[in-house]
Amino acid sequence: MRSMEKTVYLDNNATTRVAPEVREAMLPFFGELYGNPSSMHAFGGKVAAHVERAREEVARFLNCSPEEIVFTSCATESDNTAIRGAADWFGRGLKVVTTAVEHPAVLQPVRRLKAQGHETVELPVDSVGQIDLDRLTAEIDSAKAAKRPVLVSAMWANNETGTLFPIEKVAEICRSRGAILHTDAVQVAGKIPVDVKKVPVDLLAMSGHKFHAPKGIGLLYVRKGTKAKPFMLGGHQESGRRAGTENVPYIVGLAKACELARLGMADEAAKLTALRDRLESGILASCPDVRVNGDRANRLPNTLNVSFEYIEGEAIAYRLSDLGICISTGSACASGSLDPSHVIRAMGVPFTAVHGSVRFSLSRYTTDADIDYVLKHLPPVVRGLRELSPFGPDKDVSTFK
Ligand code: PLP
């Protein structure tokens, strides 16, 4: 077994390390501040005040009002609540338009609605993972012509490639036509500014563990007046919009993560872009037959998705794992299956490259030394796997499909 003296963690789109400041902020709520924020007594009221302060901090992060924030258990719950909540409000008449490259937390509830008789559309993407805005407009217009409500669910940034959708334009199109817009903003939070006044979405999902808060806390921004029914039914928490006793320590942690991101984002984005670009150019310079997946001109600062032709992404990830380097193939939710990523396939990446895609995702804790370490160890791994591969530029693959 490998000695675990070094870990280079480049899988931050899967999850991130909890920031020490976040952990510190949470601790009192595992100790003396254990009251239930819904309780009548002052002991509970003291805790409720911390929840409301956290809500204010999160609202400042998104530039919205605190009443528009609903705390959830994760972004999967937020996405489900947005999509199923709108469908519950409008019933079968609702048309749902989404994209082929969404996270399963969006695709699966949309497909469930389709099975239940809703009209749904999954917009295709081009070779860099972008949607056609004219097609989006036409899909909304055709429903509007029939006087039907429309929900658009389009992610802000893709978790696998980092491709940023032109969400301002999507919002403009939706707003001018009265369509409700939900965006899965899980991967942008903490990496680029998210301002719901500048980008007028109606529903927005975020997850704490993607930007240095713990796993198990998320939020749904619900613009005032948005028509959606609650998904979790029970008590009156979150003003009746999400039943269940609030996860107070994690809510406080999420707010701290928002504050850290708000204060540090500009510097971090510049640092991440420089590190990511150095990794990208180092790989391109040292490994032949490599392609960068996604829209390089419109991409998250921390994400690099590359396909190594003729070899398996899983094999690369396993070999790097033996060296202490953590990366992933496709999204964490899809890994474990050997099916190629639905995102990479939707972009029409050639057969010889589709299985060889891997994702490097950086965070504020990534260092120059981490990038050096990867650039030292990755090229020999790729060379070694290519020697073993039945595929290659000089190998006959005519019998493979
Ligand atoms: N949406 C996107 C784009 C994601 O990347 C993820 C997590 O990988 C999720 C939703 C689900 O988030 P959570 O783990 O908080 O349920």
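Just above, that's the structure.
Note on numbering: residues in each chain are counted from 1, in written sequence order. In keeping with the predicted nature of the model, local features appear solely for residues at pLDDT of at least 70, side-chain atom pairs appear and are counted solely at 80 or more, and the whole-chain, interface and lining totals rest on all residues. In computing side-chain values, all of the structure's heavy atoms are included and hydrogens and water are not.

Some details on the site of the ligand
Okay, so step 1: Proximity criterion: a residue is near a molecule or strand once any of its heavy atoms comes within 4 Å of it. Taken together, 13 residues surround the ligand, and among them T76, D184, Q187, S207 and K210 come closest.
Okay, so step 2: A distance of 2.9 Å separates an oxygen atom of the ligand from a polar side-chain atom of H209.
Okay, so step 3: Polar contacts, as used here, are pairs of N or O atoms within 3.5 Å; protein pairs need one atom able to donate a hydrogen and one able to accept it. Residues neighboring in sequence count only if both atoms are side-chain atoms. Interatomic distance of 2.6 Å between a side-chain N/O atom of K210 and an oxygen atom of the ligand.
Okay, so step 4: For accessible areas, the Shrake-Rupley method is used with a probe of radius 1.4 Å. Any residue's cover is judged against the shown protein chains and nothing else. Within the complex, the protein chains bury 90% of what would otherwise be the 400 Å² of accessible surface of the ligand.
Okay, so step 5: Broken down by element, the residue count for the shell around the ligand peaks at three residues, all from helix α3 (residues 75–90). Every helix listed is a DSSP run of H or I at least four residues long, and every strand listed is a run of E at least two residues long, numbered separately from the N terminus.

Regarding the packing of aromatic side chains
Okay, so step 1: Stacked, edge-to-face and tilted are the three classes for Phe, Tyr and Trp ring pairs, Trp counted by its six-membered ring, which pair at centre distances within 6.5 Å; planes under 30 degrees apart are stacked, over 60 edge-to-face, the rest tilted. Scanning the entire structure with this criterion turns up three aromatic pairs.
Okay, so step 2: Taking 5.0 Å as the distance between ring centres and 70° as the angle between the ring planes, the aromatic pair formed by Y34 and F43 counts as edge-to-face.
Okay, so step 3: Between the NZ or CZ atom of K6 and the centre of the ring of Y373, over which it lies, the distance is 5.1 Å.
Okay, so step 4: Sitting over a ring, as applied to charges here, requires NZ of Lys or CZ of Arg to be within 6 Å of the ring centre and within 35 degrees of the ring normal. The ring of Y365 carries R17 above its face, with NZ or CZ at 5.6 Å from the centroid.

Regarding empty space enclosed by the protein
Okay, so step 1: Using only the protein atoms, space was sampled on a 1 Å grid; points where a 1.4 Å probe fits but cannot get out form cavities, open sets with protein on both sides within 12 Å along at least five of seven lines form pockets, and lining residues are those with an atom within 4 Å of a point. Grid points are joined across faces, edges and corners, and a volume is the space filled by probe spheres set on the points. What the rule picks out here adds up to one cavity of 30 Å³ or more.
Okay, so step 2: Estimates place the volume of the largest cavity at around 110 Å³.
Okay, so step 3: Taken together, the residues of the lining of the largest cavity sort by class into four nonpolar, six polar and four charged. The classification used treats Ala, Val, Leu, Ile, Met, Phe, Trp, Tyr, Cys and Pro as nonpolar, Asp, Glu, Lys and Arg as charged, and all other residues, Gly among them, as polar.

Thoughts on the pattern of salt bridges
Okay, so step 1: Take a side-chain nitrogen of Lys or Arg and a carboxyl oxygen of Asp or Glu: if they are within 4 Å of each other, that pair is a salt bridge. Applying the stated criterion to the full structure yields 20 salt bridges.
Okay, so step 2: Put simply, E259 and K256 hold a salt bridge, and the shortest N to O gap is 3.4 Å. With E259 and K256 both in helix α7 (residues 248–286), this residue pair falls three residues apart, about one helical turn.
Okay, so step 3: Burial classes: relative accessible area under 20% of the type maximum marks a residue as buried, over 50% as exposed, and values in between as partly exposed (1.4 Å probe, protein chains only). Assessed through its relative accessible area of 25%, E259 is described here as partly exposed.
Okay, so step 4: Here D368 and R278 are joined by a salt bridge, their closest N and O atoms 3.0 Å apart. One end of the pair, D368, is in helix α11 (residues 368–388); the other, R278, is in helix α7, and 90 residues separate them in sequence.
Okay, so step 5: Owing to a relative accessible area of 46%, D368 belongs among the partly exposed residues under this scheme.

Nothing here speaks to function; it is geometry throughout.
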